[in-house]
Amino acid sequence: MEKDYTKWVSSSKRSLWRTVGLFFILMGPGIITSNVDNDAGGITTYSLAGAQFGLKLIWSLIPIMIALIVIQEMCARMGVVTGKGLSDLIREKFGAKITFYMMIGVFLTNMGNVISEFAGIAAGMEVFGVNKFISVPLSAFLVWWMIVKGTYKSVEKVFLVACVFYISYIITGFIVKPDWNNVLEQFLHPQLSLHPSEMTMLIGVVGTTIAPWMQFYLQASIVEKGIKIDEYKFARFDVVMGAVMVHIVAFFIILVCAETLFKHGIQIETAKDAALSLAPLAGKYCTYLFAFGLVNASLFAASILPLSTTYLICEGLGWETGIDKKFLEAPQFYGSYSLIIFLGAGIILYPNLPLIPIMYFSQVINGMVLPFVLIFMLLLINDKKLMMNYTNGPVFNAIAWVTSIVMIGFTLLLFIQMF
Amino acid sequence: MDQNLKDFYFFNDFLNRRVYNPSGLKVGKVSDLVAERAEPYPMIIGLVVRTKGREKRFYLPWEKIVRIEPRITFLEEELRGLKISLPEKDIILLREEVMDKQIVDTFGAKVVRVNDLHFLRVDSRLRLVHVDVGFRGLMRRVGWEKGVDWALRWLFSYDLPNQFISWKYVQLLSGSDLLQLSVSQKKLSHLHPADLADIIEDLSGRERSAIFHALDTETAAEALEEIDPKIQKALIETIPVEKASDIVEEMSPSDAVDLLADLTEERAEEILEGMEQEKAEDLRELLIHSDETAGGLMTTAYLSLNPKVTVEAAIARLRAEAPNLDIIDYIYVVDEEEVLLGVVSIRDILTAQSHQPLSEIQAPRVVSVKQDEDQNEVVEAFAKYGFRALPVVDEGNHLRGVISFRSVLDVLAPEAG
């Protein structure tokens with residue numbers, strides 16, 4: 001009976017209730033996108049940052065958050081104004097050739113992400129003593145079933161609920177009893193040293209927080225939701241809320257690892273290591289909460305990424321899409337959707353899997369695609385014909401360009417370091 | 001003038017090809033093709049050439065081109081010397097408005113994306129005859145056509161076919177063609193309303209409302225009945241109130257009421273005020289009922305007659321009012337107070353003598369449902385009696401409306417609509 005809510009809210013005379021109500025109806029895309037961003041890869045990177053450098057890098061979360069808001073806001077605005085997905089817009093403005101290569105790039109990088117999500121599920125469940133040969137096939141089936149059997153609306157509600165479980169990291173953060181004055185100090189007096197290992201970590205944090213798939217996914221779900229221009233301010237608030245939430249969670253992950261692992265000089269390599277090492281330092285509940293957060297985040301991202309990848313590729317290349325179509329009507333759609341899930345889950349089950357090189361490769365492709373996505377976005381959003389009166393203003397445009405150039409600079413740095 | 005044309009071309013053959021002057025110097029590259037809007041197949045009337053100098057784009061009319069093969073050569077020494085601007089009316093810029101865009105394939109009744117365009121030589125001019133929407137066209141654009149062809153033939157002995165749609169069946173959705181939509185919408189109007197509804201649902205906001213605006217009132221109403229309620233609401237909010245009133249008036253009352261109930265009260269009232277008095281009254285009455293009761297399912301577009309009316313007169317009335325009726329399977333027999341006395345099916349009418357009054361042929365026992373009956377009870381009644389429509393009465397047995405079988409289908413299979 002969502003219809004009735006909408007009607008009740010839009011006819012409500014009390015302006016405060018009206019505003020709050022409208023926000024709850026329209027929220028979702030921004031918060032979900034940002035939370036999916038805190039996936040297995042994100043949690044691993046934040047854990048490593050905390051374990052290796054303590055609270056030293058924690059200040060960087062603020063500029064990264066601003067960059068995320070700037071970039072996501074543009075996507076949301078494009079979605080609302082044009083009613084089209086980002087891959088649609090890129091195809092229409094920049095032609096088939098460049099879109100095709102870009103879609104291959106997005107496919108590969110998202111494939112890498114999906115693999116890491118299933119790896120996260122396997123690692124998190126192993127903390128609870130569940131074998132990966134049980135947890136991975138089961139979760140792959142769950143993901144597939146949820147999309148094929150449920151409509152987007154109910155799936156979105158499931159996802160919004162999943163966002164709540166990120167609270168487990170915040171609870172862990174309080175359990176370890178950090179020195180709050182020190183935390184505040186780190187924010188007020190940021191230290192930046194150009195030490196290579198620190199730079200690598202910083203680039204890693206930036207790279208995991210702002211990824212190409214997010215822009216496509218956010219814009220597509222804004223379009224799917226059918227948000228109108230006069231409701232845009234709610235969508236914008238949703239985007240800002242999402243970006244803030246994701247960084248609060250990231251903050252607590254870094255905090256937990258800094259207060260425990262870093263202080264005791266424990267070296268870790270994965271998020272699972274982090275969870276296990278917490279037990280002797282902060283108690284086994286901390287370990288369970290941390291691992292639960294990892295499983296939840298990975299499962300969440302594993303449900304969204306394959307579908308969003310499939311949608312954006314099919315739309316960009318002009319193939320039939322939609323979960324309401326039959327297999328023969330949309331063979332490319334179902335084909336690539338199933339391929340991503342089966343490959344992603346299957347690779348994890350392969351014995352002695354070279355996971356690190358795979359992740360490395362996925363990061364490289366990520367770095368190659370991101371500059372193109374950002375530049376295309378800036379060209380599209382400043383296109384008067386497309387955006388009418390909703391192009392970037394001069395100040396915002398300057399911020400957006402600087403953000404994008406810094407982001408591109410960081411990815412290039414990552415490149416240089418890799419070879 | 002014979003420009004040494006090949007028999008057919010793809011757009012991809014032109015895009016970014018170099019353009020030379022008579023002394024063999026390269027002056028620029030082709031960035032767009034200009035076609036004259038003509039039925040059924042538009043003719044190419046020139047090229048847009050991109051150069052490096054200060055003025056970046058030039059229009060090169062077809063007449064000034066000496067030859068296309070082996071390389072595009074034009075008459076003058078310099079493009080600047082041409083000084084011809086684009087003709088203003090009735091042209092299509094093929095790259096800007098057609099290539100890579102979504103179009104409506106009115107033959108297959110779906111929205112597709114253009115991968116390439118196919119031109120044929122007719123009397124030494126090129127005409128746009130097909131759009132290519134297939135994988136082969138996409139591969140041609142990417143530059144992999146030969147490789148993919150070879151690979152598929154070698155691996156599967158499969159020849160990748162072209163997927164062409166004749167230009168006759170293409171409805172553009174962007175650029176200047178939007179303004180022309182009302183002229184060319186005859187392409188759209190022979191689509192079935194349900195197909196048209198699917199197409200409108202597939203489009204993005206701007207194109208959606210553009211297409212919807214271009215439809216005539218009757219087609220718009222028929223299509224709107226089939227569209228998803230959320231999109232219905234968005235569409236009706238984008239059009240002027242007067243037009244909305246006209247469209248809602250054409251819709252069947254039960255669909256119209258569902259739509260009005262979704263709108264805000266002020267908007268619904270505005271639309272009702274713009275309508276014919278009688279129709280608006282009917283809708284207002286229907287609006288009172290909750291969605292999930294018999295009253296919420298019923299329509300008021302039925303025929304009710306006095307028992308004294310003869311079969312002959314009944315047929316005449318039915319014939320006269322049929323275009324506006326939702327229920328034509330039955331005629332309801334009522335007295336002056338609108339109390340339901342009986343029902344006559346169309347079969348009864350056709351088999352009776354023309355001078356008999358309705359009271360003689362009406363079924364003595366009428367099955368009806370109460371206004372506030374739950375919709376699930378209504379579904380059961382339909383299943384039990386196998387009627388195509390059921391009358392709805394109030395406490396005093398006054399006929400208030402009729403539920404059609406179609407409304408019951410919407411209750412049982414809401415997703416299928």
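Residues numbered from 1 in each chain as written. Chains lettered and ligands numbered in written order. Predicted model: local features only at pLDDT ≥ 70, side-chain atom pairs only at ≥ 80, totals over all residues.

Regarding the interface of chain B and chain A
Alright, step 1. Each partner contributes residues to the interface: chain B has 18 residues there, and chain A has 16 residues.
Alright, step 2. Of all the secondary-structure elements, those providing two or more residues to the side of chain B that touches chain A are strand 10 (110-113), helix 3 (135-142), helix 8 (205-214) and helix 10 (229-238) of chain B.
Alright, step 3. Top contributing element to the side of chain B that touches chain A by residue count: helix 3 of chain B, with 3 residues.
Alright, step 4. Taken together, the residues that form the side of chain B that touches chain A break down as 5 nonpolar, 5 polar and 8 charged. (Contact = placed C-beta atoms within 7 Å. Helix = DSSP H or I, 4+ residues; strand = E, 2+ residues; numbered from the N terminus. Nonpolar A, V, L, I, M, F, W, Y, C, P; charged D, E, K, R; others polar.)

Considering the domain arrangement of chain B
Where interface size is given, it is often the accessible area lost as the parts come together that is meant.
Alright, step 1. By domain assignment, chain B separates into domain 1 (192-288) and domain 2 (303-416).
Alright, step 2. The C-alpha-based centres of domain 1 of chain B and domain 2 of chain B are spaced at 26 Å. (Domains from an automatic or database assignment.)

A word on the sheet that holds strand 20 (residues 399-404) of chain B
Residue and element names in this part refer to chain B.
Alright, step 1. The strand order across the open sheet built from 3 strands is 18-19-20, with neighbouring strands paired in mixed fashion. Sheet topology places strand 18 (369-370) and strand 20 at the edges, where each strand pairs with a single neighbour.
Alright, step 2. Bridge count between strand 19 (residues 389-393) and strand 20: 5 bridges; the pairing is antiparallel. Within strand 20, the position partnered with Leu390 by the bridge is Ile403. (Pairing = 2+ DSSP bridges.)

Structural notes on the sheet that holds strand 17 (residues 340-345) of chain B
Residue and element names in this part refer to chain B.
Alright, step 1. On the basis of which strands lie adjacent, the open sheet formed by 3 strands has the order 15-16-17 and mixed pairing. Since the sheet does not close on itself, it has two edges, and those belong to strand 15 (303-305) and strand 17, each with one partner. Pairwise comparison of adjacent strand axes, ignoring direction, gives a mean angle of 30° for this sheet.
Alright, step 2. The pairing of strand 16 (residues 330-334) with strand 17 spans 5 bridges and is classified as antiparallel. For Tyr330, the partnering residue across the bridge sits in strand 17 and is Ser345.
Alright, step 3. Running at roughly 155° to strand 15, helix 16 (residues 311-321) makes contact with strand 15 and strand 16 of the sheet. (Axes fitted to C-alpha atoms, helices over the stretch in contact; angles between N-to-C directions.)

A look at the confidence of the model for chain A
Alright, step 1. Per-residue confidence for chain A averages 80 on the pLDDT scale, and 89% of its residues sit at or above 70.
Alright, step 2. Considering each helix and strand of chain A separately, the mean pLDDT is smallest for helix 1 (residues 2-11) of chain A, with a value of 50, and largest for helix 6 (residues 86-94) of chain A, with 90. (pLDDT = per-residue confidence, 0-100.)

Here we look at the packing of helix 19 (residues 375-385) of chain B against helix 20 (residues 405-412) of chain B
For any two helices packed against each other, the geometry is given by the interaxial angle and the distance between the axes.
Residues and elements named next belong to chain B.
Alright, step 1. Remark: helix 19 packs on helix 20, axes separated minimally by 10 Å, with the N-to-C direction vectors making an angle of 120°. As summarised for this structure, helix 19 and helix 20 are arranged oblique, according to the angle between their axes. In this structure, helix 19 meets helix 20 at a crossing whose hand is left-handed. Residues Gln375, Val378, Val379 and Phe382 of helix 19 form the contact with helix 20, whose participating residues are Phe405, Val408, Val411 and Leu412.
Alright, step 2. When its residues are assigned to classes, the contact of helix 19 with helix 20 shows 7 nonpolar, 1 polar and no charged. (Parallel < 35°, antiparallel > 145°, perpendicular 65-115°, else oblique. Left-handed = near helix turned anticlockwise from the far one by under 90°.)

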